[in-house]
Amino acid sequence: MVTTNNLLEEAINMRNKAYVPYSEFPVGAALLTKSGKIYTGCNIENASYPVSCCAERVVIFKAISEGEIDFVEMAVAADTTRPVPPCGSCRQVMSEFFSRTMHIHLTNLNKDTKTVSIEDLLPFSFQPNDLP
Ligand code: THU
């Protein structure tokens with residue numbers, strides 16, 4: 001049985017895999033599927049800076065590309081004073097795949113954790129059913 005603490009630790013550990021030669025700011029993420037599997041991700045940067053991808057999008061795209069679609073919980077970790085807030089692009093990607101109320105645990109290295117939903121992070125977001 002996967003606990004929230006397991007997810008926080010996976011996210012914290014994944015910072016070790018981050019490819020961050022430019023920012024030197026490693027971020028880790030862990031995503032639990034309904035089937036009980038944990039996917040992990042880290043940020044991956046590029047010499048062409050804007051091409052870089054955040055840990056949150058890496059982990060979601062890894063899981064989606066493996067055929068997963070039902071998610072239960074996510075954790076994101078960075079060495080921040082407050083629990084790390086996800087960027088706007090990642091919030092939009094989360095809003096595509098997460099239920100309005102799914103728990104997203106934002107944490108730091110002290111495990112100061114803020115648990116939010118995508119509705120908290122990105123209210124009134126553009127949704128697939130806004131398309132004609
Ligand atoms: N970053 C993430 O991976 N997730 C966040 O929630 C915040 C920012 C990355 C992007 C970039 O590689 C580095 O952190 C500094 O912005």
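Quick caveat, the model's predicted, so the values are computed rather than measured.

Colleague: What is the right way to read the pairing of strand β4 (residues 103–107) from this model?
Modeller: In the case of a regular strand, side chains alternate between the two sheet surfaces. With four of five residues buried, β4 lies mostly within the body of the structure. Bridge analysis of strand β3 (residues 71–78) against β4 gives five bridges, and the strand direction is parallel. Within the sheet, the bridge partner assigned to V76 lies in β4 and is L106. Read from β3 through helix α3 (residues 88–97) to β4, the crossover connection turns out right-handed. Between the end of β4 and the start of strand β5 (residues 114–116), which pair antiparallel, lie six residues, with K111 showing a positive phi angle near 60 degrees.

Colleague: Please clarify how the site of the ligand should be interpreted in this entry.
Modeller: Taken together, S23, F25, V27, N43, E45, C54, A55, E56, P85 and P86 are the residues near the ligand. In the environment of the ligand, an oxygen atom lies 3.0 Å from a nitrogen or oxygen atom belonging to the side chain of N43. Here E45 contributes a side-chain N or O atom positioned 2.5 Å from an oxygen atom of the ligand. Protein chains bury 78% of the 380 Å² of accessible surface belonging to the ligand in isolation. The cavity where the ligand resides is the largest pocket. The residue inventory of the shell around the ligand, partitioned by class, reads six nonpolar, two polar and two charged.

Colleague: What is the right way to look at the environment of A77 in this model?
Modeller: Relative to the elements of secondary structure, A77 occurs in strand β3. For A77, a relative accessible area of 0% puts it in the buried group. Not counting residues within four places of it along the chain, the set of residues in contact with A77 comprises A11, I12, R15, P26, V27, G28, V84 and T107.

How each quantity is defined
- Residues numbered from 1 in each chain as written.
- Predicted model: local features only at pLDDT ≥ 70, side-chain atom pairs only at ≥ 80, totals over all residues.
- Heavy atoms only, no water.
- Buried < 20%, exposed > 50% of the residue type's maximum accessible area, 1.4 Å probe, protein only.
- Helix = DSSP H or I, 4+ residues; strand = E, 2+ residues; numbered from the N terminus.
- Pairing = 2+ DSSP bridges.
- Right-handed = clockwise from strand over helix to strand, strands pointing away.
- Near = heavy atom within 4 Å.
- Polar contact = N/O pair within 3.5 Å; in protein donor to acceptor, adjacent residues only side chain to side chain.
- Areas by Shrake-Rupley, 256 points an atom, 1.4 Å probe, with all protein chains shown as cover.
- 1 Å grid on protein atoms, 1.4 Å probe; cavity = no way out; pocket = protein on both sides within 12 Å on 5 of 7 lines; lining within 4 Å.
- Sits in = over half its atoms within 2 Å of the grid points.
- Nonpolar A, V, L, I, M, F, W, Y, C, P; charged D, E, K, R; others polar.
- Contact = heavy atoms within 4.5 Å.

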